[in-house]
Amino acid sequence: MIDLITILGPTASGKTSLAVALAYRLHSEIISADSRQFYRGMDIGTGKDLSEYYINGVHIPYHLIDIRDAGYKYNLFEYQKDFKQCYEDIRSRSMIPILCGGSGLYIESVLKGYKLVDVPENKELRASLQHKSLQELETLLRSYKTLHNTTDIDTAQRAIRAIEIAEYSRHFPVEKIESSPIKSLIVGVSIDRDLRRTKISERLKKRIDEGMIDEVRKILSSGVLPEDLIYYGLEYKYVTEYVIGKMSYDTMITSLEIAIHQFAKRQMTWFRGMERRGLKINWLDVQMPMDEKIDCIIHWLHTEE
């Protein structure tokens, strides 16, 4: 019995519109698995596109979007706990929830029932690490554990958080979430690399035109520190560095475009890793007509059941 449908894919693959169309057909609701759409006010840079959740005049309910203020460092432990609450609520209303996003770690954590721990902030440890380079932090983190998750070392702040968790776990018992694996039909949206690059470039231009730089200025003016906004990476990292004068406009655009392309490549690497780790992903080509995609998913759903 399928208990969940998961729609995943790299950035710019149109997975949200697919999830919305599917939710409309199945009279269901969507749970987000996008690690940056949790934050209020971070709209353009994360591509929330909340208007996409309306189809044929119907609003499709969504969950785990806009649940924390910008500047907060929402973690995987909290996500798993919040996901479980949303998932059980939707299931209690006799619907199959639709999990949608591109954050492979978050998706895999709930599908496989990762046993996670809750670790408090260690300000003294963070202060002692803040001037170390990313390479130095990676070396230190490797002294604690084998690195299975390269997102731990995407930025210095993420590496520091990973070290914080590893150090705490050495000395204290930690709260754990006990979650069971979920039987999910997993659907991946496949997009040709050249088409993906074109869409990423077009979307970046659109976001700049829509006011992404002003959005970052507004968040900073609300009291969020630059380093806390940089923590979120990609658009918020490079646009913040431009706004505070660390890089030129042209350098920001070029660097950001390269970073997004690299991010999409890492997403696909993670999804392929999920397949190697035993999760079957049914791939659909991005250019397939929407109705055909939905029909394929419905067919797979009935086949799996």
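Note that this is a predicted model, so its numbers are computed, not measured. (Residues numbered from 1 in each chain as written. Predicted model: local features only at pLDDT ≥ 70, side-chain atom pairs only at ≥ 80, totals over all residues. Heavy atoms only, no water.)

### Quick notes on the overall build of the chain
Piece 1. Counting its secondary structure elements, the chain contains twelve helices and twelve strands.
Piece 2. For 305 residues, the compact-globule formula gives about 19 Å, and the C-alpha radius of gyration of the chain, at 19 Å, lands near that figure.
Piece 3. Seen along its three principal axes, the alpha-carbon backbone of the chain occupies a region of about 55 × 50 × 35 Å.
Piece 4. For the chain, restricting intrachain contacts to residue pairs at least 6 apart in sequence, the fraction spanning at least 24 positions comes to 75%.
Piece 5. In the form shown here, the chain has an accessible surface area of approximately 15100 Å², with 50% of it arising from carbon and sulfur atoms.
Piece 6. Within the chain, one finds 42 positive and 44 negative side-chain charges whose respective centroids are separated by 3 Å. (Helix = DSSP H or I, 4+ residues; strand = E, 2+ residues; numbered from the N terminus. Rg over C-alpha atoms; globule rule 2.2 N^0.38 Å. Contact = heavy atoms within 4.5 Å. Areas by Shrake-Rupley, 256 points an atom, 1.4 Å probe, with all protein chains shown as cover. Lys, Arg positive; Asp, Glu negative; His and termini not counted. Charge placed at Lys NZ, Arg CZ, Asp CG, Glu CD.)

### As for the UniProt feature "binding site: substrate" (unreviewed entry) in the chain
Piece 1. In the UniProt entry, the feature "binding site: substrate" (unreviewed entry) is given for T11, A12, S13, G14, K15 and T16.
Piece 2. Here G14 shows up in the loop between β1 (4-8) and α1 (15-26).
Piece 3. Within the fold, K15 resides in helix α1.
Piece 4. If we ignore the near neighbours within four places in the chain, the residues touching K15 are I7, L8, G9, P10, C100, G101, G102 and V189.
Piece 5. Within the structure, the side chain of K15 is placed 3.2 Å from the backbone oxygen of G9, a separation counted as a polar contact. (UniProt positions renumbered as here; feature names shortened; annotations may be inferred. Polar contact = N/O pair within 3.5 Å; in protein donor to acceptor, adjacent residues only side chain to side chain.)

### Quick notes on the UniProt feature "binding site: ATP" (unreviewed entry) in the chain
Piece 1. Here, the residues flagged by UniProt with the feature "binding site: ATP" (unreviewed entry) are G9, P10, T11, A12, S13, G14, K15 and T16.
Piece 2. Relative to the helices and strands, A12 is located in the loop between β1 and α1.
Piece 3. Among all residues touching A12, those that are not within four sequence positions of it are I191, K199, I200 and R203.
Piece 4. Position of T16 relative to the elements: it lies in helix α1.
Piece 5. In contact with T16, not counting residues within four places along its chain, are E52, Y53 and C100.

### Focus: helix α7 (residues 193-210)
Piece 1. Here α7 spans 25 Å end to end across 18 residues, near enough to the 26 Å set by a 1.5 Å rise per residue.
Piece 2. Within α7 the residues assigned to the buried category are R196, I200, L204, R207 and I208. One side of α7 holds all its buried residues, which, seen down the axis, span an arc of 100°. Residues of α7 that are exposed and angled more than 90 degrees away from the buried face: D194, E202, K205 and D209.
Piece 3. Along its buried surface, α7 packs onto α8 (212-221), α10 (234-243) and α11 (249-276). (Expected span 1.5 Å × (residues − 1). Buried < 20%, exposed > 50% of the residue type's maximum accessible area, 1.4 Å probe, protein only. Arc of directions from axis to C-beta.)

### Description of the packing of helix α3 (residues 104-111) against α11
When two helices pack together, their arrangement is given by the angle between their axes and by how far apart the axes lie.
Piece 1. Following both chains from N to C, one finds α3 and α11 inclined at 20°, their axes separated by 10 Å at the closest point. When the axes of α3 and α11 are compared, the pair comes out roughly parallel. As α3 runs across α11, the sense of the crossing is right-handed. Counting all contacts with α3, which are made through G104, L105, I107 and E108, the residues of α11 involved are W270, F271 and M274. (Axes fitted to C-alpha atoms, helices over the stretch in contact; angles between N-to-C directions. Parallel < 35°, antiparallel > 145°, perpendicular 65-115°, else oblique. Left-handed = near helix turned anticlockwise from the far one by under 90°.)

### Thoughts on the sheet that holds strand β6 (residues 62-63)
Piece 1. Read across the sheet, six strands follow the order β6-β2-β8-β1-β11-β12 without closing on themselves; strand pairing throughout is parallel. With one partner strand each, in any of the chains shown, β6 and β12 (282-285) form the two edges of the open sheet.
Piece 2. One ladder, built from three bridges, connects strand β2 (residues 30-32) with strand β8 (residues 98-101); its direction is parallel. Looking at the pairing, S32 lines up with C100 of β8.
Piece 3. Sheet strands touched by α3: β1, β8 and β11 (184-190). Its angle to β1, the strand with the most contacts, is close to 165°.
Piece 4. Lying on the sheet, α11 is in contact with β1 and β12; it crosses β12 at an angle near 145°. (Pairing = 2+ DSSP bridges.)

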